[in-house]
Amino acid sequence: MSGKPWGPYLLVVAGAVAGLGLIAYGVAIWVGGAVMGFAFIAGAALRLIVPDDRAGLLGVRTRRTDVLVLLVLGAALAAGSLSLLLRLHST
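Asks: An account of the overall build of the chain is needed here, citing residue identities and associated values.
Replies: For the chain, the count of helices and strands is three helices and zero strands. Its helices and strands in sequence order give the chain the pattern α-α-α, from N to C terminus. Once the C-alpha set of the chain is aligned to its principal axes, its extents read approximately 55 × 25 × 15 Å. When burial is assessed residue by residue, the chain has 29% of its 91 residues classed as buried.

Asks: Any details on the pattern of salt bridges? Residues and values, ideally.
Replies: Charged atoms that come close allow side chains of opposite charge to pair. For the structure shown, the criterion picks out four salt bridges. For Arg-47, the salt bridge goes to Asp-52, with nearest N and O atoms at 2.9 Å. A salt bridge links Arg-47 to Asp-66, with the nearest nitrogen and oxygen atoms 2.9 Å apart. Of this pair, Arg-47 sits in helix 2 (residues 29-49) while Asp-66 is found in helix 3 (residues 63-82), placing the two residues 19 residues apart along the sequence. Asp-66 carries the same exposure label as Arg-47, and that label is buried. Among the charged side chains, a salt-bridge network with shared partners connects Arg-47, Asp-52, Arg-61, Arg-63 and Asp-66.

Asks: So, the packing of aromatic side chains: which residues are in play, and what are the values?
Replies: Tallied over the entire structure, the rule returns one aromatic pair. With a centroid separation of 6.0 Å and 75 degrees between ring planes, the pair formed by Trp-6 and Tyr-9 is classed as edge-to-face. When its relative accessible area of 31% is taken as the criterion, Tyr-9 is described as partly exposed.

What counts, and where the lines are drawn
Residues numbered from 1 in each chain as written. Predicted model: local features only at pLDDT ≥ 70, side-chain atom pairs only at ≥ 80, totals over all residues. Heavy atoms only, no water. Helix = DSSP H or I, 4+ residues; strand = E, 2+ residues; numbered from the N terminus. Buried < 20%, exposed > 50% of the residue type's maximum accessible area, 1.4 Å probe, protein only. Salt bridge = Lys/Arg side-chain N within 4 Å of Asp/Glu carboxyl O. Phe/Tyr/Trp six-rings, centres within 6.5 Å; stacked < 30°, edge-to-face > 60°.

Below, the structure written as structure tokens:
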């Protein structure tokens, strides 16, 4: 594992930490959640674009499975966070 590149993985982790940091700093929860969701979506794009030997720790399973899992989790997190903006009732 020490011989694998860390770059793409660290970009995704940095986005997740940034989202959690925003929430801890007091920014609206939907902002931090959206940042984390878009970081996962960016990770899916990186896994799709970067060759297998350069994917590093993002390449855990097959390329299709990695992209699908990151994309679904990122989209669910971003959509769930942005749904906090919806005003469902007037209370």
